[in-house]
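Here are the chains, one letter per residue:
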Amino acid sequence: MYIKCRDLDIARQVFDNIAERDVISWTSLITGYAQNGQYEEALKLFEQMQSQLVSPNKFTYATIMNACAGIADLERARGIHDLILRIGLEIDVVVENALIDMYSKCGSIEDARKVFDRLRERDSFSWNGMIAGYFQNGYVEEAQELFCQIPRRDVVSWNAMIAGYAQNGCFDEALGFIYPMRNAGTRLDQYSFCIAIGVCTSLGVLEPGKQIHGHVIRTGFDLNAVVGNALVDMYTKCRGIEIARKVFDKMSDKSKILKIGMSSGHVQNVYSDPVRPYSDVSIANPVSWNAMIAGYAQHGQGEEALKLFRRMLVEGVKLDEFPYTSALKACASIAVLEQGKHIHAHTMKTGYEMSAFVGSALVDMYAKCGSIANASKVFDKLPKTNVVLWTAMITGCAQHGLGKKAVDLFEQMLQANIKPNEISFVGVMFACSHAGLVDEGRRYFSSMSRDYGITPGTEHYVCMVDLLGRSGRLDEAEDFVNKMQVKPNGAVWGALLGACRIHGNIEIAKRAAERLLDLKTQDAGKYVLLSNIYSAAGRWDDAANVRNLMEDRAVKKHPGCSWIEVKHKMHSFFVGDRSHPQTEEIYIALEELAGQMRQAGYIPDTNFALHDVEEEQKELLLSHHSEKLAIAFGLISTSPGTTIRIGKNLRVCGDCHVAIKFISKIVDRGIVVRDAHRFHHFQDGKCSCGDYW
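Given the structure is predicted, the values throughout are model-derived calculations rather than measurements. (Residues numbered from 1 in each chain as written. Predicted model: local features only at pLDDT ≥ 70, side-chain atom pairs only at ≥ 80, totals over all residues. Heavy atoms only, no water.)

**So, the pairing of strand β7 (residues 679-683)**
Piece 1. Bridge count for strand β6 (residues 671-674) against β7 is four bridges, and the pairing is antiparallel. Its bridge partner being in β7, Val673 is matched across the sheet by His680.
Piece 2. Counted along the chain from β6 to the antiparallel partner β7, the turn is four residues long.
Piece 3. As paired elements, β7 and strand β8 (residues 686-687) share two bridges and run antiparallel to each other. By the bridge assignment for β8, Phe682 is matched with Cys687.
Piece 4. Hairpin connection between β7 and β8: a loop of two residues separates the two successive antiparallel strands, and Asp684 in this loop has a positive phi of roughly 55°. (Pairing = 2+ DSSP bridges. Helix = DSSP H or I, 4+ residues; strand = E, 2+ residues; numbered from the N terminus.)

**What to know about the environment of Asp439**
Piece 1. Tracing the sequence through the fold places Asp439 in helix α26 (residues 438-452).
Piece 2. On the basis of relative accessibility, which here comes to 57%, the residue Asp439 falls in the exposed class.
Piece 3. A sequence separation of 29 residues divides Asp439 from Leu468, and the C-alpha atoms of the two residues are 9.9 Å apart. (Buried < 20%, exposed > 50% of the residue type's maximum accessible area, 1.4 Å probe, protein only.)

**Quick word on the packing of aromatic side chains**
Piece 1. In this structure the tally under the stated criterion is 22 aromatic pairs.
Piece 2. Ring centres 5.3 Å apart and planes at 80° place the aromatic pair Phe379 and Trp390 in the edge-to-face group. Within this pair, whereas Phe379 is found in helix α22 (residues 372-381), its partner Trp390 is found in helix α23 (residues 387-399), the two being separated by eleven residues in sequence. Trp390 carries the same exposure label as Phe379, and that label is buried.
Piece 3. Through a chain of ring-to-ring contacts, three or more aromatic side chains come together here, namely Phe135, Phe147, Trp158, Tyr165 and Phe177. (Phe/Tyr/Trp six-rings, centres within 6.5 Å; stacked < 30°, edge-to-face > 60°.)

**Let's talk about the environment of Ser55**
Piece 1. One can find Ser55 in the loop between α3 (39-51) and α4 (58-71).
Piece 2. On a C-alpha basis, the gap between Ser55 and Val23 in space is 6.8 Å, while along the polypeptide they are 32 residues apart.
Piece 3. Once residues within four sequence positions are removed from consideration, Ser55 is found in contact with Val23 and Met49. (Contact = heavy atoms within 4.5 Å.)

**What to know about the pattern of salt bridges**
Piece 1. Per the counting criterion, the structure on display carries 24 salt bridges.
Piece 2. The salt bridge partner of Asp117 is Arg113, with a shortest N-O separation of 2.8 Å. Taken together, the residues Asp117 and Arg113, both in helix α7 (residues 109-118) and four residues apart, mark about one turn of the helix.
Piece 3. The exposure class of Arg113 is partly exposed, given its relative accessible area of 24%.
Piece 4. For Asp466, the salt bridge identified is with Arg470, shortest N-O distance 3.1 Å. (Salt bridge = Lys/Arg side-chain N within 4 Å of Asp/Glu carboxyl O.)

**Structural notes on the pairing of strand β3 (residues 561-566)**
Piece 1. Burial runs high along β3: six of the six residues are buried.
Piece 2. The alternating pattern of β3 places Cys561, Trp563 and Glu565 and Ser562, Ile564 and Val566 on opposite faces, both of which are buried.
Piece 3. Where β3 lies against strand β4 (residues 569-574), six bridges are found, and the strand directions are antiparallel. Its bridge partner lying in β4, Cys561 is registered against Phe574.
Piece 4. Bridge count for β3 against strand β5 (residues 644-648) is three bridges, and the pairing is antiparallel. Across the sheet, residue Ile564 finds its bridge partner in β5, namely Ile646.

**Some words on helix α5 (residues 74-87)**
Residues that lie three or four places apart on an α-helix share one face, since the helix turns once every 3.6 residues.
Piece 1. Under the 1.5 Å per step criterion, the end-to-end length of α5 is 20 Å for 14 residues, consistent within 8% with the ideal 20 Å.
Piece 2. Residues of α5 that are buried in the fold lie against α3, α4, α6 (93-105) and α7.
Piece 3. Measuring from the side-chain oxygen of the N-cap residue of α5 to the backbone nitrogen of Glu75 gives 3.3 Å; that N-cap residue is Asp73.
Piece 4. Among the residues trailing α5, Gly88 stands out with phi positive, at a value near 75°. (Expected span 1.5 Å × (residues − 1). Polar contact = N/O pair within 3.5 Å; in protein donor to acceptor, adjacent residues only side chain to side chain.)

Have a look at this one:
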C-alpha cells in the first residue's frame, strides 16, 4: 500500500520491522525504489537481499535490470546477467526481454543483440524492444532491417518505428511511415497520433499537422485528452493559435487519457519510450490549459492568456507550476504589474512560489513590469541552484540600466559553480553595452568560447557591435562586423546603424545601410531607422527614397504605441490619438504640463520630429507622442504619489526622454518607461540610464 502511494519512507520502516522477510517483501520494496527513480537504493537493497541468502526470483531480476538500465551502469548490468546464468535461473521471454532493454539502455547494443539472437521464442516485446534499442543507440538502418523481419507487425511495432525516427531527428521519415501503416490495415491509436503530431510540432509544419488532425477526427480521437493536448500544443507552436482555441474549446473537461508519463506542457516528448505500457485512467488534466495559455503568451496575446488563466481558476482546474509560469510570462509580455502581483499571491497560497520554474518566472515578470526591487526580493528568497533563475535576474538588472549589478551577479553565479549558458552571456553583455563597460564586455565575449565552449550567436555579435558603437568606437565596431566569422545579418547591421544615429555618423551609416538593404530584410524598424538618420540630417529626399523602398518591398511599419495599466485594464495610445473616452481630459492635462515644462526650461528638440514641416508643427507633433499621452492619462487616473508605469513598442525618442525628466520633477512622481530595448526610471528630473542609452 505505502509503495503504491509512493511513501517509501514508511514502506521502508514497515519492511525493517518484518521479522522474516521473504522474496516477495524484498522484491516489493526493490520495485518501489526502482519505479520511483531511486535506482541506487534499489541496487543496494538487492545486495542486502543476497547477503541475507534470500534467493531472488525472475521478477526480482527483471526489476533490478530496470534499475541498472536507469543509471546506464553496464558493468553492473553484465554482473546481473552473469549471476542469472551462474545460478541457473530458468530464463523465460520476460527475463530475456528485460535483458535486451537493459543492455540497450546501458549503451551495449551488441550484448542486446546477442540476447535477442539466442531467443528461442520471440514475442512482440522482443521485436519492439530490440528495435527501440537500435534507435536509442542511433542505429537507424539496423532498426529498419529488423522491422522488415517481424513476422506479424502490430500497432506497437509501427509506433516504435515512428517514434524511433523522431528520436533520431528523422522527422520526414517518421511522418512518411504513417501512410504505409494505414495501408497495411493497422489502425492508428492515441500513441500513434501523439507521435505524429509531436513530429509536426518539432518541424513547425502546419499543413501536415492539419492532415493528421483530419484523420484524428475521422477516427474518433478528437475528444481524447492526450491527442487533444498534442493538437493544441502543435497549433500554438505552428502559428495556428485560432485553430488551437477551437480544439481546446471542443475538448471534454473529463476525458479518458493515456497514462504515458507525459510531462506537462511538453506533449511532443511522448515518443521518448516507444514500448512503454499504458492504461486508461480518468483525471482532470491541466496540460491543454497550459498549452493554450502558453500559446497566447508566445503569440503576443497576453490579455487572452490571462483571461484563460482566470477562467481556469474559476472552473477549479487543478493547477501545477506550468500554468502559473505561462500566466506570469503573459503578464511580463504586456507589462501588467498588478495582475502579476495577484498571480504571485496565488502561488504563495498554493506553495508554488519556491518552484524553480515559477520563481524564475516571477523574477522575470517583476523585472519586465518595471519593478526590479520586487524581482530582487523574490530572487533573494529562492534557492539559487539553476542558471535560469540567475539569468532572469542578470537580464532584469541589465534592462533596468543596472550594469554593474548585473556584472556582479554574473560573477557571483560563476563563484557558485553555476555554468552560464548562451542567454546568460547575452544578458551580461547587454548590461555592459548599456552601462559603457567596454572592457568587461570584450572579456565576456572572449570567455564564451574560450572557457565554456559556447559559439557566439547573432545576439552576442549584436551586443558587441552595440557595445562598441554606443561607446563611440564606430570604426572599431565596423571593423568587428567586417571580420565576423559568420555572415552578418540584419540585426548586426541594424546595431551598427543605430550607433551611427546616436553619434550622427552619416558615412558609416551609409555603408551599413547599403549592406542592410542588400539583405532585403522585412524588418520595418531597420528602414525606419535609416530614414530617421537621413531626416535628422535634413536629407529629406534620401529619407523619402527609403520609405518608397519599404512600399516597393511591401514592408509594413508598426506604428508607435504606448500603453498603461490602470485598475487592471490596459489603455493604449498612438501618436495624436483621440480615440480614448477621456481624450478631452488627457489633452487638457497635456497642455497644463506643457506650460509648466516651458516655465521649468524645457525646449522641444525638433530634431526628433522627423517630418519636413515647419518648426511650430514639429513641436505640436512632439507634444502628442504616444508616451506623453499615456503619462497624461496615468496622472489623471491615479492618486498623487503613485508611480506611473508605461510601455512602448519602439525606442523612446530623445525629446520624450528629456520631457519625461521634466514631468517627473514637476509632478513629483516616479515614472517607469519600458521601451523596446530597456527600462528608464525617471525620478526628480533624472533618469536611471544617465542619458547613456
